[in-house]
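The chain contents come next:
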Amino acid sequence: MTLALPQFDTARLRLRLAQPADAAVIAAFLNDERLFLAPFEPPRPSEYFSEEYWRLQSARLIQEFIDGRSLRLWLFDAENPGRVLGRANLSRVERGGFHACNLGYALRQSAQGKGLMLEALDPLLAYAFGPMNLHRIEANYMPHNERSGRLLRRLGFREEGLAREYLFINGQWQDHVLTSLTNRRWASKSE
């Protein structure tokens, strides 16, 4: 049996895993937004911004999904399917007694403030709590990133505390507000 790769179509977006043929548009997005995203991301090696890296990475990330370890989606513009607007990732999927993952996301600067990330995360979170059968999704943001905090609260994430010097972002250790969303309808299934 072949596992179907998820795809979500919203009014303005198509969310899907990258294919090797998407390497050029992904590299273009990352290069276009490199300076804008740098204050929110860990240091990246130069190859991260290349087409070749994303040609290879796309196959690896599809395998990660098949193995149940992540779901890393790119947000394509529904009206211009060759344009990447952002990404939304469920990573570090753990099972056993945890059944949880981490949520991460990024959006093109010109797409900010239009409700696109809320539009993208609604179906992704439904998939995480539905077909992926996760119990908990954790998402963390830097205290000064108020836009991200508002988005997570709107999605129902609850604040759990502050982690000091949590992640190495933009050349320094940054504090992060820890939040989570719990699946109240989670049911144990044999794995």
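The structure under discussion appears in the preceding block.
Colleague: When you look at unusual backbone geometry in this model, what are you seeing that I'm missing?
Modeller: Among all residues save glycine, negative phi is the norm, and among peptide bonds the norm is trans. The phi angle at Asn133 is positive, at roughly 55 degrees, despite the residue not being glycine. Relative to the assigned elements, Asn133 resides in the loop between helix H4 (116-129) and strand E6 (136-141). You will see that Glu165, though not glycine, has its phi angle at about 45 degrees, which is positive. Within the secondary structure, Glu165 is located in strand E7 (residues 158-169).

Colleague: Help me out: how do you make sense of the pattern of salt bridges in this one?
Modeller: Side chains that differ in sign of charge can pair as their charged atoms come close. All chains considered together, the criterion is met by 15 salt bridges. Two residues, Arg108 and Asp32, come together in a salt bridge whose shortest N-O distance is 3.5 Å. With a gap of 76 residues between them, Arg108 in the loop between strand E5 (100-107) and H4 and Asp32 in helix H1 (residues 23-32) connect regions that are remote in the sequence. Each of the salt bridges in this network shares a partner with another, and the network as a whole consists of Asp32, Glu33 and Arg108.

Colleague: Teacher, can you tell me more about the packing of H1 against helix H3 (residues 51-66) here?
Modeller: Two packed helices can be described by the angle between their axes and the distance between those axes. At their nearest, the axes of H1 and H3 sit 8 Å apart, and the two run at 120 degrees to each other. As the angle between them shows, H1 and H3 are arranged oblique. As H1 runs across H3, the sense of the crossing is right-handed. Touching Ala23, Ala24, Ile26, Ala27 and Leu30 of H1 are Glu51, Trp54 and Arg55, all from H3. Along the lines of polarity and charge, the residues of the contact of H1 with H3 split into 6 nonpolar, no polar and 2 charged.

Basis of the calculations
Residues numbered from 1 in each chain as written. Predicted model: local features only at pLDDT ≥ 70, side-chain atom pairs only at ≥ 80, totals over all residues. Heavy atoms only, no water. Helix = DSSP H or I, 4+ residues; strand = E, 2+ residues; numbered from the N terminus. Salt bridge = Lys/Arg side-chain N within 4 Å of Asp/Glu carboxyl O. Axes fitted to C-alpha atoms, helices over the stretch in contact; angles between N-to-C directions. Parallel < 35°, antiparallel > 145°, perpendicular 65-115°, else oblique. Left-handed = near helix turned anticlockwise from the far one by under 90°. Contact = heavy atoms within 4.5 Å. Nonpolar A, V, L, I, M, F, W, Y, C, P; charged D, E, K, R; others polar.

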